[in-house]
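Observations on the model geometry
Chain residues, written in single-letter form:
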Amino acid sequence: MISEELFERACKVIPGGVNSPVRAFRRLERAPFFVARAEGAHLWDEDGKQYIDYVGTWGPAILGHAPKPVLDAVMAAVPKGLGYGIPTRVEVDMAETVCRWVPSIEKVRMTNSGTEATMSAVRLARGYTGRKYIIKFEGCYHGHVDSLLVSAGSGALTHGEPDSAGVPAEFAALTIALPYNDEQAVRDAFNKYPGQIAGIIVEPYPGNAGFYLPKPGYLEFLRDITAKEGALLIFDEVMTGFRISPSGVQGKTGIVPDLTTLGKVIGGGLPVGAFGGRREIMDCVSPLGPVYQAGTLSGNPVAMAAGLAQLNELERTDAYSRMERLGAHLEEGLRRILHDLHLPLTFKRSGSMWCLFFTTQDVYDLKSAMTGSFDMFRPYFLSMLEQGVYVAPSPFETGFISAAHTEADIDATLAAMQVALGKI
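The paragraphs below set out a description of the structure included in this document. Note that the structure is a prediction, hence the values are computed from the model and not measured.

**Structural notes on helix α2 (residues 68-77)**
Of all the positions in α2, only V70, A73, V74 and A77 are classed as buried. Viewed along the axis of α2, the buried residues span an arc of 100 degrees, placing them on a single side of the element. Structural note: α2 exposes K68 and M75 on the side pointing more than 90 degrees away from its buried face. On the buried face of α2, the contacting elements are α10 (301-316).

In structure tokens:
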């Protein structure tokens, strides 16, 4: 098969044969398929097989793949040049749109990726407060920044060890990793390091250990305690921004963070990230302030045009209500299948984001998410792929519905789930 031949070639010249680890289909007993093209809610691999796609480029493809308004914007931008390294009108248009959609953001700085955005937000929090420690939560992924590749294990107040070779322990020592949804762990951290914690960075709806939700009042608690302690609250909405609602989780919940990081949807499929927040904080960023941040391709005109076109189309259409209807349809059908098959597995969804956990216990943090069975997931995934439905190749990833999915796509997906879940 062509995909297998391509993977063999790739393994000779690319580490693991892929340019991002999860693409390798490790532990799934097969090589990854290679995509030849994508349109709407569908992918076609190099061997000509078609798939209904629930990965959506890991979130950005909220309108589906190759949406005409985005392609038209890119095609109009390309002949004018691919980049200039000097300001453009479209950067201003994008910044004004972001600030209008997300009320907590009064000023915004563009980056090239979500990783750059979180790295810059953490640096800004430290520079603004003059403090060195950052709290993050186990299971919340904030890009492959050295100091954020940390997990604390079972010790809520112990500093984490690096999750990657090449990250000095000294970097990890500045990050306090705590269990998500555990209020007391956060109180204990502030008590142990009074006046030393610059901020909390959190995925308000974690989407990188599967997809699960905060307990009632938890995000409000984080807002209250950071304000009380003089620390900043950073919402990492790289995944949830412009997807959970037009203004992200903060718009859905009414909670106002000090800083927000964005990415994925705002790129329209091209590499874009951003961080923004209150004016007085953002004015600490160079060239106005002492916190340095820069990027040769930041605000790239083609990427800005793609992202702006996607946001404009989301605003023009009923995409959010449509995705909610499709998500509800998927959830109702899947819960009926689980009931009929006597499989009390855990399912989580908000809007167009969802995850089926292969565990019978409730999932609300990394520890509970990790009770999921890979041995149950593997035959499910392989069966879904064989039936032409592509879900994430890991039980600890989020599924994404796009505005391009149809009721027929959902029905076909549920039929495939009936077969696949019957095999575990």
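This is not the end of the story, as more comes after the structure.
**Quick word on the sheet that holds strand β5 (residues 133-137)**
With mixed pairing, the seven strands of this open sheet are ordered in space as β4-β12-β11-β10-β9-β5-β8. The two strands at the open ends of the sheet, each matched to only one other strand, are β4 (107-111) and β8 (175-178). For this sheet the average axis-to-axis angle between neighbouring strands, irrespective of direction, equals 20 degrees. Here three bridges tie β5 to strand β9 (residues 197-202), and the two strands are oriented parallel to one another. Looking at the pairing, I135 lines up with I200 of β9. On the sheet, helix α3 (residues 89-101) packs against β4 and β11 (259-263) and is oriented at approximately 125 degrees with respect to β4.

**Quick word on a negative patch on the surface**
Together, E4, E5, E8, E46 and D47 line one region of the surface with negative charge. In this fold, E8 is placed in helix α1 (residues 2-13).

**Side note on the pattern of salt bridges**
Within the structure shown, the criterion is met by 16 salt bridges. Taking the shortest distance from any N to any O, the salt bridge between E324 and R349 comes out at 3.2 Å. Here E324 is found in helix α11 (residues 319-340), whereas its partner R349 is found in strand β13 (residues 346-350), with 25 residues between them in sequence. Members of the salt-bridge network, linked through shared partners, are R223, D258, R278 and E280.

What counts and what doesn't
Residues numbered from 1 in each chain as written. Predicted model: local features only at pLDDT ≥ 70, side-chain atom pairs only at ≥ 80, totals over all residues. Heavy atoms only, no water. Buried < 20%, exposed > 50% of the residue type's maximum accessible area, 1.4 Å probe, protein only. Helix = DSSP H or I, 4+ residues; strand = E, 2+ residues; numbered from the N terminus. Arc of directions from axis to C-beta. Contact = heavy atoms within 4.5 Å. Pairing = 2+ DSSP bridges. Axes fitted to C-alpha atoms, helices over the stretch in contact; angles between N-to-C directions. Patch = residues over 30% accessible without salt bridge, like charges linked within 9 Å, V, L, I, M, F, W, Y side chains within 5 Å. Areas by Shrake-Rupley, 256 points an atom, 1.4 Å probe, with all protein chains shown as cover. Salt bridge = Lys/Arg side-chain N within 4 Å of Asp/Glu carboxyl O. Lys, Arg positive; Asp, Glu negative; His and termini not counted. Charge placed at Lys NZ, Arg CZ, Asp CG, Glu CD.

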